[in-house]
Amino acid sequence: MSIRRVFDLAYRTTAKSTKQRERCVDEFFRAYSRAVESDEIEIYETELISCIALCLASPKGSKIDGVFEMLRLALRGSHEDFVTFLGQSILSQLLPGLRAKSKLIRDRTANLMILVLTSLDELEGDLCNELGTAFLERIRDKEASVRTRAVTALSALQEENEDILAELCVCLQTDRNAEVRRQVVKHIEITADTLPFVVQRTRDPDRKVREAVFRRLSQDFSSLNMSMAQIDYVFQSGLRDRDESVRTECYTLVRAFLAGHGTEITQALEYFDVLDFSSLEVVIDSWLDNEFSVHNLDQLLDELTPARSIFIRKYFGHCQKYELGQIDVGSFVVHLAEAIDRAANANKCAPSDKRLAFVIQQLLLICDMVDSKALGPSYEKFVYYLTSPFDEQIECALSIISRIEPDQQKIQSLILNLLTTMSSGGGNLLSRQLGLLEIFLRSAKTLFSDDLVERCISEGMNSSSEEIVCKALRCTGHIASLNQDFAIVNLPILFHSLESGSPLIQATSCQILLDLLTVHGIQELDREAYKGWVEGFLKLSLESDQEQVVLSAAEGISRLFLLNKLKDTNTLQLLLSVYYRSENDDSSKLSQCLSFFFPAYSYLTVENMRSMAEAVIPFLEELNDEEDMEKALKSQMMQQLSEWTDIRNLPTPHNENLHASIALKILTIAQRSGQGELLQILAFLKTGQTNERQALEEQADLAIEALDKQSEIAIIRK
């Protein structure tokens, strides 16, 4: 059978025709053998290349899979001379096809050459250079499919050409097509020079690329020699990834990391020498999941690093949670106390050392986990940390002291003594005093007042530092939450701060006022000289031009509504306006807060849903032009309002139909004012057959008479 007939037969072969494919390959080889015996190999090669070229140039949609399958099987056959001849012929003779104008020919040619490159053991030097040059040109092809083929081909040539690795790194950084970047990650040789480029792709915008990076790093981890900075960067990226599939691949990498250290977790800890330990926590959790144990925990306390301190805390908590009994608590507490003393001495020499502060914080958290009886009757060693510049340390130390000494009067005396004995001098001292006072007041259950406390708060209010002013305000708020009369007396101070302070001070004042309303109730504070202030305050806060104030107000007011301490429909309408106000669209925290609040509030009780229905009408009247209505429709406002006032969403059934009432009011307003834009919400309401059906139809007829626009009349009739 001639070579042309072989190709014609392969062209007609389907994927399921296994025997016919094998016949094609056999006839292909026989034609080659006859050409060798008759010394007509050049003619055979010419016909071979001609047939392949015709196949590559066939129109789009042509079924050439049979030909490619025949060539693939032939290249992977056992006849070495034939495989070498076929591969060398295709690579040398069809090289111009990579530069063809037709993208289809370029793509098919590259695909065929990849088949050859993955089948041949070695290439001639000159041919290898020519191929490298040709595919380096195609890596910048305008067609992504061709670039993808070029990357795969270059991966087989990268060991022979140093320029290829550099170009693949550039492609990894700059190519816009995700599949091209994924193929680079999959095939690039990872060296000390290329590793940083691969690591950067752990934050690639495409999920599949990120998955490929973690999969590749897991496979080659033992030979990569990654630096700790790179390991931490990779873990931070993967363990925080938004896609679960990427996090799963990262967990595989974490296990590969731990496999290199076996049960010797202390060796792995030496790699972590950074201040952000969120990735280390996951590494430790993975290690603990393997049920390893530690026999030298006390020794770890002797030479503490940030990584060791966080491991001790996690391991101690793990043993406590599962009651493993693997720790000699008595010996551990002795070593822990010694570590606390050493840390305190070191901290006196370097009070602003962040690494040391982190270690101390971990030690204090561990102490807070230890039973108070094991810590002993004395809390003196923890008093030092109550004067720390770090609030976290103060909070932990105070928690430990409170567990050792349950008498609140003694702790109050301790706090007053510390406030008195703190070294004098300026704003830093005042900030530390107020910081300690604020943390103590946060957990205080009885009124705590003293001349020194009042003086500290007064000085803080008059400070030029907004941070200190906010601390003084929060201290005032904590005391006011314990005493209603104190709260009323200090209302003018909070009002003044809300009106004239910086954005941060205004937000803090707003939050404190709302906390006081939550604790004491609106009726109790809205009295005497300040009667009526609540309504004005709520309106002022929600309409503020400061985003921080609006956010604080929205959070506090939402809490009041959910606790059933506020039932004002006007305020609910203001919250709706804030939610959809264009200038607040970028405030994700505000949007998250209110998007949670409205359905939670509406579905809580039928009374709440009635209030929401009452607030909807005046709010919709504000959207009195086409531009506002268009924005509302784009933000899916109508659909949300419909859901929040749909009585069927309540946990218990009710016969009432709030949608019918809303529709009736909208039709009435449209008929009287001519606000036809309002009618667009009718399409979202589920009125059904209700007792108000006749009234709805009558009002619809009146609205039709009053309006001219046919589109609005069509909405009514629908």
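The structure contained in this document is the topic of the report that follows.

The rules behind these values
- Residues numbered from 1 in each chain as written.
- Predicted model: local features only at pLDDT ≥ 70, side-chain atom pairs only at ≥ 80, totals over all residues.
- Heavy atoms only, no water.
- Helix = DSSP H or I, 4+ residues; strand = E, 2+ residues; numbered from the N terminus.
- Buried < 20%, exposed > 50% of the residue type's maximum accessible area, 1.4 Å probe, protein only.
- Areas by Shrake-Rupley, 256 points an atom, 1.4 Å probe, with all protein chains shown as cover.
- Phe/Tyr/Trp six-rings, centres within 6.5 Å; stacked < 30°, edge-to-face > 60°.
- Core = buried A, V, L, I, M, F, W, Y, C linked by side-chain atoms within 4.5 Å.
- Contact = heavy atoms within 4.5 Å.
- Expected span 1.5 Å × (residues − 1).
- Patch = residues over 30% accessible without salt bridge, like charges linked within 9 Å, V, L, I, M, F, W, Y side chains within 5 Å.
- Salt bridge = Lys/Arg side-chain N within 4 Å of Asp/Glu carboxyl O.
- Lys, Arg positive; Asp, Glu negative; His and termini not counted.
- Charge placed at Lys NZ, Arg CZ, Asp CG, Glu CD.
- Axes fitted to C-alpha atoms, helices over the stretch in contact; angles between N-to-C directions.
- Parallel < 35°, antiparallel > 145°, perpendicular 65-115°, else oblique.
- Polar contact = N/O pair within 3.5 Å; in protein donor to acceptor, adjacent residues only side chain to side chain.
- Left-handed = near helix turned anticlockwise from the far one by under 90°.
- Nonpolar A, V, L, I, M, F, W, Y, C, P; charged D, E, K, R; others polar.

Section: the overall build of the chain
Move 1: Helix and strand content of the chain: 41 helices and zero strands.
Move 2: Looking at the chain as a whole, 50% of its 718 residues qualify as buried.
Move 3: Put simply, the chain shows about 35,600 Å² of open surface, and 47% of that area lies on carbon and sulfur atoms.

Some words on the packing of aromatic side chains
Move 1: All chains considered together, the criterion is met by 15 aromatic pairs.
Move 2: Centre to centre, the rings of Phe597 and Tyr601 are 5.4 Å apart; their planes meet at 25 degrees, and the pair counts as stacked. Note that Phe597 and Tyr601 are positioned in helix α35 (residues 588-602) at a spacing of four residues, about one turn of the helix.
Move 3: Of the residues examined, Tyr601 reaches a relative accessible area of 2% and is grouped as buried.

So, the nonpolar core
Move 1: Core analysis: the largest hydrophobic core is formed by 136 residues, its most contacted members being Leu575, Leu594 and Phe598.
Move 2: If one sorts the elements of this core by residue count, helix α36 (residues 606-622) sits on top with nine residues.
Move 3: If sequence neighbours within four positions are ignored, Leu594 has contacts with Ala554, Ser558, Leu575, Val578, Tyr579 and Pro599.

Let's talk about helix α20 (residues 354-369)
Move 1: With 16 residues, α20 should cover 22 Å at 1.5 Å per step; its first-to-last C-alpha distance of 23 Å lies within 8% of that length.
Move 2: Residues of α20 that are buried include every one of Leu356, Ala357, Phe358, Val359, Ile360, Gln361, Gln362, Leu363, Leu364, Ile366 and Cys367, and no others.
Move 3: Buried residues along α20 sit against α17 (297-302), α18 (306-321), α19 (329-349), α21 (372-375), α22 (380-383) and α23 (391-404).

Let's talk about a negative patch on the surface
Move 1: On the surface, a cluster of negative charge is made up of Glu80, Asp81, Asp121 and Glu122.
Move 2: You can see Asp81 is positioned in helix α5 (residues 80-93).
Move 3: Judged by relative accessible area, which is 62%, Asp81 ranks as exposed.

Here we look at the packing of helix α10 (residues 178-187) against helix α12 (residues 207-220)
Move 1: Orientation of α10 relative to α12, taken along the N-to-C sense of each, is 0 degrees, at an axis distance of 9 Å. Judged on the interaxial angle alone, α12 and α10 are roughly parallel. Here Ala178, Arg181, Arg182, Val185, Lys186 and His187 of α10 lie close against α12, whose contacting residues are Lys208, Val209, Ala212, Val213 and Arg216.

Quick notes on helix α6 (residues 103-117)
Move 1: Between its first and last C-alpha, α6 extends 21 Å over 15 residues, near the 21 Å set by a 1.5 Å rise per residue.
Move 2: Most of α6 is tucked away: 11 of the 15 residues are buried.
Move 3: Restricting attention to buried positions, one finds in α6 the residues Arg106, Asp107, Arg108, Thr109, Ala110, Leu112, Met113, Ile114, Leu115, Val116 and Leu117.
Move 4: Where α6 starts, the residue carrying a side-chain oxygen 3.3 Å from the main-chain nitrogen of Leu104 turns out to be Ser102.

Thoughts on the pattern of salt bridges
When charged atoms on two side chains of opposite charge get close, those side chains can pair.
Move 1: Tallying each qualifying case throughout the model produces 23 salt bridges.
Move 2: Among the ionic pairs, Asp204 bridges to Arg181, the shortest N-O distance being 2.7 Å. Residue Asp204 is located in the loop between α11 (195-200) and α12, and its partner Arg181 is located in helix α10; the two are separated by 23 residues in the primary sequence.
Move 3: Given the relative accessible area of 2%, Asp204 is considered buried.
Move 4: Note that Glu211 and Arg215 form a salt bridge whose closest N and O atoms lie 3.7 Å from each other. Here Glu211 and its partner Arg215 are both found in helix α12, four residues apart, which amounts to about one turn of the helix.
Move 5: Note on Glu211: relative accessible area 10%, which makes it buried.
Move 6: When salt bridges that share partners are traced, they join Arg207, Glu211, Arg215 and Glu249 into one network.

Let's talk about the packing of α23 against helix α24 (residues 408-421)
Move 1: Axis separation between α23 and α24 bottoms out at 10 Å; the angle between their running directions is 145 degrees. In this structure, α23 meets α24 at a crossing whose hand is right-handed. Along the contact surface, α23 presents Leu398, Ile401 and Ser402, while α24 presents Ile411, Leu414 and Ile415.
Move 2: For the contact of α23 with α24, a count of residues per class yields five nonpolar, one polar and no charged.

Observations regarding a nonpolar patch on the surface
Move 1: Side chains of Leu562, Phe596 and Leu604 sit close together on the surface and give an oily, nonpolar patch of about 290 Å² of accessible area.
Move 2: By relative accessible area, which is 47% here, Leu604 ends up partly exposed.

Concerning the environment of Leu131
Move 1: Position of Leu131 relative to the elements: it lies in helix α7 (residues 125-138).
Move 2: Sequence-wise, Leu131 and Leu157 are 26 residues apart; in three dimensions their C-alpha atoms are separated by 8.2 Å.
Move 3: If we skip the residues at most four places from it in the chain, Leu131 touches Leu91, Leu95, Met113, Leu117, Leu123 and Leu157.

Here we look at unusual backbone geometry
Move 1: Despite not being glycine, Asp39 has its phi angle at roughly 60 degrees, a positive value.
Move 2: Mapped onto the secondary structure, Asp39 falls in the loop between α2 (18-37) and α3 (41-56).
Move 3: Phi angles above zero are rare outside glycine, and Asn225 is one such case at about 55 degrees.
Move 4: Mapped onto the fold, Asn225 is located in the loop between α12 and α13 (228-239).
Move 5: On the basis of relative accessibility, which here comes to 71%, the residue Asn225 falls in the exposed class.

A few points about the environment of Leu434
Move 1: Relative to the helices and strands, Leu434 is located in helix α25 (residues 426-443).
Move 2: Once the C-alpha coordinates of Leu434 and Val469 are considered, the two residues, 35 residues apart in sequence, prove to be 9.5 Å apart.
Move 3: Setting aside chain neighbours within four positions, we find Leu434 in contact with Cys456, Ile457, Gly460, Ile468, Lys471, Ala472 and Cys475.

Points about the side chain of His520
Move 1: Relative to the assigned elements, His520 resides in helix α30 (residues 503-520).
Move 2: A polar atom in the side chain of His520 sits 2.7 Å from the backbone oxygen of Ala480.
Move 3: Discounting residues that sit within four places of it in the chain, His520 has contacts with Ala480, Ser481, Asn483, Gln484, Ala487 and Leu525.

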